[in-house]
Structures are given as structure tokens and as C-alpha cells.
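A closer look at the structure
Here is what each chain is made of, one letter per residue.
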Amino acid sequence: MAASALVPCGASPGFATGAAPSTDPHVDNAPCVAAASADDPDTIIAVCGALVDNARMTKSDRVKALVARARAHDRKGMLDSAIADYDAALRLDPALADVFGSRGELWRRKGDRRRALADFAAALRLNPDHPTARGNYKSLAQELERLGALMVVYNKPSVDCAATRLAVEKAICASPELANLDREINAVNAQVVRAASSGNPSAGRALQREQDDFINRRNAAFGQPAYDLGKEMRMRLDHLLAVERH
């Protein structure tokens, strides 16, 4: 799911009066509306922030200002600030499935899978047909199940360390971090290949060839001055997780 909550990504959040400024002379939401329409993160943070605690604003407009600012914080990589804005929006209105879903995605990106799963579940309780929350909940639940299984073989790679003669595999065996990366890459790859093969055997074979190509490139490139084994393995895992989610 994209980082948007109440509106599609790139769209401006609609305020209580639509695109028109508030008629209350003490409240001017026009700059926030304009900034959101222009999708200008810095301006959104500056001008929409002035509305979120304004008691003269309707609750609905305060929520939408918070959501706009949360999206802007997300765009700038300020995940904690974005989460805080979504927290505030949900305190004002705890029935917003989209906001739970968006906050869940931020928790997932921060590595807090448990909180992410709880937010996706909350979104589904509010809207059982929410397509992105349903997909995110399923993929994250599978990820947590897989990680639980991997704890049994924690720090053990997928390769046979006693038998290998490859320098790259010896390096993986010698590093707990690389060993765990290797084990998870192998587990996720097996999952995506199995899922693809169930509906289209040729698609499953194509995904396995992709994994084989990665292994071959890894083996050939290891030891070269510019080659970062850990970085390449993390990139491969991220790619496989993206394939699994979709």
C-alpha cells in the first residue's frame, strides 16, 4: 500500500469545505489545501501543522491536516514524525481503516513487525474488504511465521559449512549475520517459487533461475575489491520479499 491514508497517493486531502478555504475568519486552511494539492512536503509540514491543534477547525479537517502532514513526513524519511501524526489522527477518529493501514506500513519499514501486524488487523476489523490491508496482513503473517521457523536454525546458513570449499560460502558460515541472511533468502525464495509454481510451473522455474543467477554472480564476484557481500544479500532478500508481497 502506498503511503497515503485518506486519499490516493499524490492527491490532496479534501477538507470539510472541499477545495475552498474555511469561512471562519479565524481559520485559514487555504495554504494547507494548496500545499497538499501541490504535494510540497516542506510547505505541507509548515502550514498544515498550524491547523492540527486549532480548536476552531472541525475534527475532520484536523484529521486531514494530520494525514497530509504524515504523508509529507514520510516523503522526507521522517518515519517517527509520520507515525506520531497518524497516532494523533487516530486519537481524533479511531475508525479510520486507511490510517491504521498507513501506520502499519511505517511500522513494517521500521522493522517493528508486531505493531505493523496489529495495525493491519485493526484496518481489517474496520473494513474487512480493505484490499491493501488484507494483502499486507497476509504477507506479514507469513513473514513472521517464516521467521519463527528460522529461529530454530538461527545463525545456521543454508549451505553445508563442513563440506563447502567455496570462499564465499566459508565467509557466510563464519558470519552469524550473513548466515541468517543466507537462510532467510533461501526460505523466501523457496516460498515464492512454490507459490508461483502452483499456478504456473514456468513462472516458478523462471524465479528459480533468477535465484540461481544470483548465486552464480555472488560466487563469481566475491573477493573483488568493490563487492559487498552483505549489501548484495540484503538487496536480494528485499527483492524476494517484494515478490512475495505481490
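What comes next concerns the included structure. (Residues numbered from 1 in each chain as written. Predicted model: local features only at pLDDT ≥ 70, side-chain atom pairs only at ≥ 80, totals over all residues. Heavy atoms only, no water.)

Two numbers describe a pair of packed helices, the interaxial angle and the distance between the axes. Interaxial distance between helix α1 (residues 30–38) and helix α2 (residues 41–48) falls to 8 Å at its minimum, and their mutual angle equals 160 degrees. With respect to α2, the element α1 is oriented roughly antiparallel. Between α1 and α2 lies a crossing of left-handed hand. Taking contact as the criterion, the partners of P31, C32, A35 and A36 in α1 are, on α2, T43, I44, V47 and C48. (Axes fitted to C-alpha atoms, helices over the stretch in contact; angles between N-to-C directions. Helix = DSSP H or I, 4+ residues; strand = E, 2+ residues; numbered from the N terminus. Parallel < 35°, antiparallel > 145°, perpendicular 65-115°, else oblique. Left-handed = near helix turned anticlockwise from the far one by under 90°. Contact = heavy atoms within 4.5 Å.)

In this section: the state of the cysteines. Summed over the entire model, instances satisfying the criterion amount to two disulfides. Between the sulfur atoms of C32 and its disulfide mate C48 the distance is 2.0 Å. Measuring the twist about the S-S bond at about 100 degrees, one finds the C32-C48 disulfide to be right-handed. In this pair, C32 is assigned in helix α1 and C48 in helix α2, connecting sequence segments 16 residues apart. There is no split in this pair, since C32 and C48 are both buried. The partner cysteine of C161 in its disulfide is C173, sulfur to sulfur 2.0 Å. Across the disulfide from C161 to C173, rotation about the S-S bond amounts to roughly -95 degrees, and the bridge is consequently left-handed. (Disulfide = S-S within 2.5 Å. Buried < 20%, exposed > 50% of the residue type's maximum accessible area, 1.4 Å probe, protein only.)

A few words on the side chain of D85. Mapping D85 onto the fold places it in helix α4 (residues 79–92). At 3.0 Å, the side chain of D85 forms a polar contact with the side chain of H73. (Polar contact = N/O pair within 3.5 Å; in protein donor to acceptor, adjacent residues only side chain to side chain.)

Mapped onto the elements, P94 comes out in the loop between α4 and α5 (97–109). Considered as a pair, P94 and L126 are 32 residues apart in the sequence and their alpha carbons are 9.5 Å apart.

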